[in-house]
Amino acid sequence: MESLLMRDQLESLTARVESGELQTHDEIRREFLNIIEGYLEGKFGILAHIKLERDVGDGFYDAAIGGNLYFEIKSVNEGFEAGIDDSIEYIESEDEPPRFFTTEGIQGAYINSDAEVVQRGDLVELSPRLRNLLDTAVSEPTATDIINAFGPQSERVQHYIEVLWNVLREHRDLPRVESAFSAWRDIYAEAANLNADARDAVQDQASDFGIDIDTEEETYEFLFAVQTYFAIFLKLFSARLGGEYDSTETRLNRGTWPETYRRLSVEAEIVEHDLFDWILDPSRESGDASHKIEDMVMQLATSVDMINPDRVDQDILRDIYQESFNSQTRTAMGEFYTNDELVEEVLDEVEYNGNDVLDDDATLLDPTCGSGTFLFHAIQRYVDAAEEEGQSDREIVNGVTENINGIDLHPFAVAMARTNYLLALGDRAEYVDEVPVYWTDSLAPAAQRKLNGQKVTVSTLGSVQVPNPEDIGHHELFTAMERALEGGWGEGRFIEEFDEYNRQRYENTLSGVYNFFTEEIHNGMWVPAFRDVAAVHGLKDSCEFIVGNPPWVRNRNIEEDLRERLQDDFEYYSDPWRPDLEEKRNPGSPPDYAIAFVEAGFEFLTSGGELGYVITSSLARAMYAGKARQDLARNKNLKRIIDYTLAPHGYFQDAENKPLIVSAANESPDGDTEVTLYNRENDVREWNVDPENISLEAGDPRSPWILVPPTLIDAIRTMTGSGSRAGDRYAPTSGV
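Residues numbered from 1 in each chain as written. Predicted model: local features only at pLDDT ≥ 70, side-chain atom pairs only at ≥ 80, totals over all residues. Heavy atoms only, no water.

**Notes on the sheet that holds strand β1 (residues 52-53)**
Reasoning step 1: Strands sit in the order β1-β2-β3-β4-β5-β6 across an open sheet of 6 strands; the sheet is mixed. One side of each edge strand has no neighbouring strand; the edge strands of this open sheet are β1 and β6 (117-122).
Reasoning step 2: Looking at chain direction, strand β3 (residues 69-73) and strand β4 (residues 99-103) are connected through 5 bridges and run parallel. Across the sheet, E72 pairs through a bridge with T102, a residue of β4. (Pairing = 2+ DSSP bridges. Helix = DSSP H or I, 4+ residues; strand = E, 2+ residues; numbered from the N terminus.)

So this is what it looks like as structure tokens:
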């Protein structure tokens, strides 16, 4: 089809030049390169826009593709022969000579890298040669190509985001669209501090995309459109990674849009429905929206199918997304990713290495997995150990997916983590049946089991009673519910999916599940969310390793409802150190969101299991962390503290946060704690200390930790206790 279209377009170009409609060099150049770009776009999707270099600027040639095919374009007055002469002169001047195609809009010529005119004649008749040159000139996209093509600097990507923004705003009245957006916004509003400065930063970013936003609601709509674009890209790329046979584009062409996109998750299996599938409903309701979104998805699919997964790693995906926001916006949204050096350090500290990772009970969980950096490195360690043992690819994949898990509250982070999970497996990804990265809140309390089942709650959607998992597995239950919604089954047909014993035992419970999704939720895209919550309940008290970098968000930047829940549910969050000061005010510093994840992490661990976190250094010093310090020192086996507070370089891009690494076993204290300190010269100091002797005030494990060698601890205590304290003389209004 592209070949016929190109021939027709070249005929039209020649006719316009011969009639005098197109006369100048710039006119002929523009129209000819538009034809070239249109052909490339049809063949290679949005990659065409970074492969065709139109603005060369040096005057020696008019355009280039991939550094190996150049175009020299002349006007009729300049002459066709002049184009050939200039092309040959340029070829002969280069150490690595390119090929040339030259035209003045009527005739054409191909000159090879030996400066030989291989073919010349009417431009239209050279159409097959031109197509062949274009097909061979576009090489496999490099890492830089991928970032430039799919990242926000691409004009085409900016256009896609503008399309999604407009479709969202035009169709907010559709129930599923509003439901998806509201759920996403509520999640982000809980812990993302979109203050006035951050909103200004987002507005500036949006203006670069041709979008004018003024209100807070429009700010959220823009961010949702940005994340929807990247979620679509990640879904297509994940399908590409897990696709054993057909291309993603081929699968999308089997049937009618938008149902083909909806079925992609069924055919690819590893790609789940999520709230970013809101694009389906406008596509069903509006021909204009359907055309725009289908065109975007198909162009993306064409381009994604060209990507060699070996050229893509987590750093590329991270760079593509991070470039969408300036540092101020990323700070507000918590969009910072963990330094690989810190990740490796944490995995070493919890001893997740060697053949031990292959044990059946060596379950690892990152309860705040973000984009999946910890999971990526853990999978690589598992694969290395399994390869040493000679395991098959399928055995390796089964072991990884049974033992390495992630959770995150933010749906886009889950999409990123699932893609990085597949990338870590490389070519083995085709054997993956399900990616165990779950969209839910790891701070949610465990479900209470009863005779008629247990309650599964998604905070933004409600609760549903489900059978106990030992009788009807959560995956079996919710997969059957998805199939029921897909096939339009009645309640009886749905219940028939289960064995007779459980049909009778859980008849009312199964009826309640069916009615909840068909009458209350009215939306199949939420089924995976409930399945994820149920799966996470099964991880409580069963993990050998908990690792991660929980989000660092100060109390004032958290929504009031979340603050109240944290106060009610987590002692680490609500029980600070209160020094005995005469003024008695003791306000302390407001707690950090991260501290709750320390307590929650231990709830996932087995007895003796290991926890290792990259966490804010205020854990060691802030008044709010009193209960956490006490528990770590007296009720856990505090193995290691690594303090980077004084380190001269940052560990997070565009952020000055100074981290602490803490590792502890879920068992009673057993020996000294090893402390490592990086000073301002980046020198390392190490010592061992009794965890009972690490606190500022002797006998008070809630007091701040003194991370100095034991020989200095008594001296510091003597100095701090020798005079009156500021808090004895003045009523403090804040604290550290």
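**Side note on the pairing of β6**
Reasoning step 1: Pairing geometry for strand β5 (residues 107-111) and β6, over 5 bridges, is antiparallel. The partner of Y110 across the bridge, within β6, is Q119.
Reasoning step 2: Taking the residues that link successive antiparallel strands as the turn, the β5-β6 hairpin has 5 residues, and the phi of A115 there is positive, at about 65°.

**Some details on the packing of helix α10 (residues 216-242) against helix α14 (residues 287-306)**
Reasoning step 1: At a minimum axis distance of 10 Å, the contact between α10 and α14 shows a crossing angle of 45°. Classified by the interaxial angle, the pair formed by α10 and α14 is oblique. As for the relative orientation of α10 and α14, their crossing is right-handed in sense. Facing Y229, I232, F233, L236, F237 and R240 of α10, the residues of α14 in contact are M296, V297, L300, A301, V304 and D305.
Reasoning step 2: Across the contact of α10 with α14, the residue classes tally to 10 nonpolar, no polar and 2 charged. (Axes fitted to C-alpha atoms, helices over the stretch in contact; angles between N-to-C directions. Parallel < 35°, antiparallel > 145°, perpendicular 65-115°, else oblique. Left-handed = near helix turned anticlockwise from the far one by under 90°. Contact = heavy atoms within 4.5 Å. Nonpolar A, V, L, I, M, F, W, Y, C, P; charged D, E, K, R; others polar.)

**Some words on the sheet that holds strand β8 (residues 404-408)**
Reasoning step 1: The sheet built from 9 strands is open, its strands ordered β9-β8-β7-β13-β14-β16-β15-β17-β18 with mixed pairing. Whereas interior strands pair on both sides, the edge strands pair on one side only; in this sheet they are β9 (437-439) and β18 (684-689). Taken over all neighbouring pairs, the strand axes of this sheet differ in orientation by 15° on average, direction set aside.
Reasoning step 2: Where strand β7 (residues 364-366) lies against strand β13 (residues 543-548), 2 bridges are found, and the strand directions are parallel. Considered in β13, the bridge of L364 is made with F545.
Reasoning step 3: Sitting on the sheet, helix α25 (residues 527-537) is in contact with β8 and β9, with an inclination near 115° to β9.

**Focus: a negative patch on the surface**
Reasoning step 1: Residues D186, E216, E559, E560, D561, E564, D568 and D569 make up a contiguous surface patch of negative charge.
Reasoning step 2: Of all the elements, helix α26 (residues 560-569) adds the most residues to the negative patch, at 5 residues.
Reasoning step 3: With respect to the element layout, D569 can be found in helix α26. (Patch = residues over 30% accessible without salt bridge, like charges linked within 9 Å, V, L, I, M, F, W, Y side chains within 5 Å. Areas by Shrake-Rupley, 256 points an atom, 1.4 Å probe, with all protein chains shown as cover. Salt bridge = Lys/Arg side-chain N within 4 Å of Asp/Glu carboxyl O. Lys, Arg positive; Asp, Glu negative; His and termini not counted. Charge placed at Lys NZ, Arg CZ, Asp CG, Glu CD.)

**Section: helix α20 (residues 411-425)**
Reasoning step 1: When the terminal C-alpha atoms of α20 are compared, their 22 Å separation across 15 residues agrees well with the 21 Å that a helix rising 1.5 Å per residue should span.
Reasoning step 2: Of all 15 residues making up α20, 15 are buried, and the element is well covered by its neighbours. (Expected span 1.5 Å × (residues − 1). Buried < 20%, exposed > 50% of the residue type's maximum accessible area, 1.4 Å probe, protein only.)

**Overview of helix α9 (residues 196-208)**
Reasoning step 1: For α9, which comprises 13 residues, the first-to-last C-alpha distance of 19 Å matches the rise-based estimate of 18 Å (1.5 Å per residue) to within 8%.
Reasoning step 2: Residues of α9 that are buried include every one of A198, A201, V202, Q205 and A206, and no others. Down the axis of α9, the buried set is contained in an arc of 140°. They therefore lie on one face.
Reasoning step 3: Among the residues trailing α9, G210 stands out with phi positive, at a value near 80°. (Arc of directions from axis to C-beta.)

**As for empty space enclosed by the protein**
Reasoning step 1: All chains considered together, the criterion is met by 3 cavities of 30 Å³ or more.
Reasoning step 2: What lines the largest cavity is a set of 20 residues, and nearest its centre among them are E272, D274, V414, A415 and R418.
Reasoning step 3: Listed by contribution, the elements that provide at least two residues to the lining of the largest cavity are α10, α20 and α25.
Reasoning step 4: At 6 residues, the largest contribution of residues to the lining of the largest cavity is made by α20.
Reasoning step 5: By volume, the second largest cavity is sized at about 50 Å³.
Reasoning step 6: Every residue lining the second largest cavity is listed: T440, D441, S442, A444, V533, V536, H537, K540 and F604. (1 Å grid on protein atoms, 1.4 Å probe; cavity = no way out; pocket = protein on both sides within 12 Å on 5 of 7 lines; lining within 4 Å. Points joined across faces, edges and corners; volume = space filled by probe spheres on them.)

**Overview of the pattern of salt bridges**
In a structure, side chains of opposite charge can pair up when their charged atoms sit close to one another.
Reasoning step 1: Inspection of the entire model under this criterion finds 40 salt bridges.
Reasoning step 2: Among the ionic pairs, E497 bridges to R483, the shortest N-O distance being 3.0 Å. Here E497 is found in the loop between α22 (491-495) and α23 (500-505), whereas its partner R483 is found in helix α21 (residues 474-487), with 14 residues between them in sequence.
Reasoning step 3: For E497, a relative accessible area of 27% gives the class partly exposed.
Reasoning step 4: You can call R483 partly exposed: its relative accessible area is 44%.
Reasoning step 5: Among the salt bridges present, the one from E686 reaches R640, with a minimum N-O distance of 3.4 Å. Here E686 is found in strand β18, whereas its partner R640 is found in strand β15 (residues 637-643), with 46 residues between them in sequence.
Reasoning step 6: Here the residues in one salt-bridge network are R169, R172, E178, R185, E217, E218 and E221, joined through shared partners.

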